[in-house]
Amino acid sequence: MPRKINIKRSVLAADEEFASKIREKLHKEGTLMVNLIGSPGAGKTTLLETTLGEIPFSCAVIEGDVATSRDAERISKTGTPVVQINTQGGCHLEAHLLWKALDEIPTSGLDVLFVENVGNLVCPAEFDLGEDYKVAVCSVPEGPDKPLKYPHLFHEAGAVVLTKVDLIPYIDFDGDLFWGDVKKLNPLASCIEVASLTGKGIDAWTDLLGRWLMEKRQ
Ligand SMILES: Nc1nc2c(ncn2[C@@H]2O[C@H](COP(=O)(O)OP(=O)(O)OP(=O)(O)O)[C@@H](O)[C@H]2O)c(=O)[nH]1
Ligand SMILES: [Mg+2]
Ligand SMILES: [Zn+2]
């Protein structure tokens, strides 16, 4: 009978150590870390672009993508420090990749570190990156049934941001169904609707980030 070696467990355990190191470092520095998770095209980078133009805090961004620096180039145009991680095929970020990227971003004195995870509604929710909050980013064109079909992310999220609400007049989107299912999975999550391209709802989002930052520093 061949011996079975459980590699997955030890790799995950090693990554949990990196997540703890990140959490400890950012706790000392008083930096809030927010991990944005959602499908490809949900509007994560656009939400960040608009947020960075409005938010009264010092921010930095770590971008996660399978390939290209396109999102980092977009963020860079806002004047915000940004580092791109390419996972070379990997469908989620892991804490050891973040730990390495943090070498290139001075977090001392930084208020908010945003992480944009690889576009994927499934496995990024499984990985602890040392963040304070995971945020589920879901867009109107994806349809209102996503929370119950992909429950883990919505269950884990500190906030759910519904993007592209400017498209509601053109798309059959049942907002009551969407938010009702979010509440079933996670009654405590903050629920925010935005249209990043028009700026609608961005103040509610930046207010929430301000509250999270204040709570962290208390
Ligand atoms: N109408 C409308 N379109 C939006 C809004 N936000 C983003 N978009 C569009 O949606 C498309 C995808 O947006 P991105 O911000 O690149 O999406 P993403 O989640 O970062 O995508 P990945 O990084 O590939 O996972 C772009 O064409 C955006 O212009 C919005 O509020 N309203
Ligand atoms: Mg993006
Ligand atoms: Zn994955």
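Structural data are supplied above this passage.
Remember, it's a predicted structure, so these values are computed and weren't measured experimentally. (Residues numbered from 1 in each chain as written. Chains lettered and ligands numbered in written order. Predicted model: local features only at pLDDT ≥ 70, side-chain atom pairs only at ≥ 80, totals over all residues. Heavy atoms only, no water.)

K.L.:
Would you explain the site of ligand 1 in this entry?
P.N.:
The full set close to ligand 1 counts 19 residues, and Lys 44, Thr 45, Thr 46, Arg 74 and Asp 166 are the nearest of them. Residue Thr 46 places a side-chain N or O atom 2.5 Å away from an oxygen atom belonging to ligand 1. Side-chain polar atom of Lys 164 to an oxygen atom of ligand 1: 2.9 Å apart, as the coordinates give it. Against a free-state accessible area of 650 Å², the protein chains account for coverage of 74% of ligand 1. When residues of the shell around ligand 1 are assigned to their parent elements, the largest contribution, three residues, is made by helix α2 (residues 44-54). (Near = heavy atom within 4 Å. Polar contact = N/O pair within 3.5 Å; in protein donor to acceptor, adjacent residues only side chain to side chain. Areas by Shrake-Rupley, 256 points an atom, 1.4 Å probe, with all protein chains shown as cover. Helix = DSSP H or I, 4+ residues; strand = E, 2+ residues; numbered from the N terminus.)

K.L.:
Quick question: what am I supposed to make of the coordination of the zinc ion (ligand 3) here?
P.N.:
Each pair of donors in an ideal octahedron of six around a metal sits at 90 or 180 degrees, and each pair in an ideal tetrahedron of four sits at 109.5 degrees. For the zinc ion (ligand 3), the full set of protein donor atoms is Cys 91 (SG), His 92 (ND1) and Cys 123 (SG), and the range of their distances to it is 1.9 to 2.2 Å. Mapping the donors of the zinc ion (ligand 3) onto the primary sequence gives the spacing C-H-x30-C. With a relative accessible area of 13%, His 92 lands in the buried category. (Donors = N, O, S within 2.8 Å, 3.2 Å for Na, K, Ca; no water. Buried < 20%, exposed > 50% of the residue type's maximum accessible area, 1.4 Å probe, protein only.)

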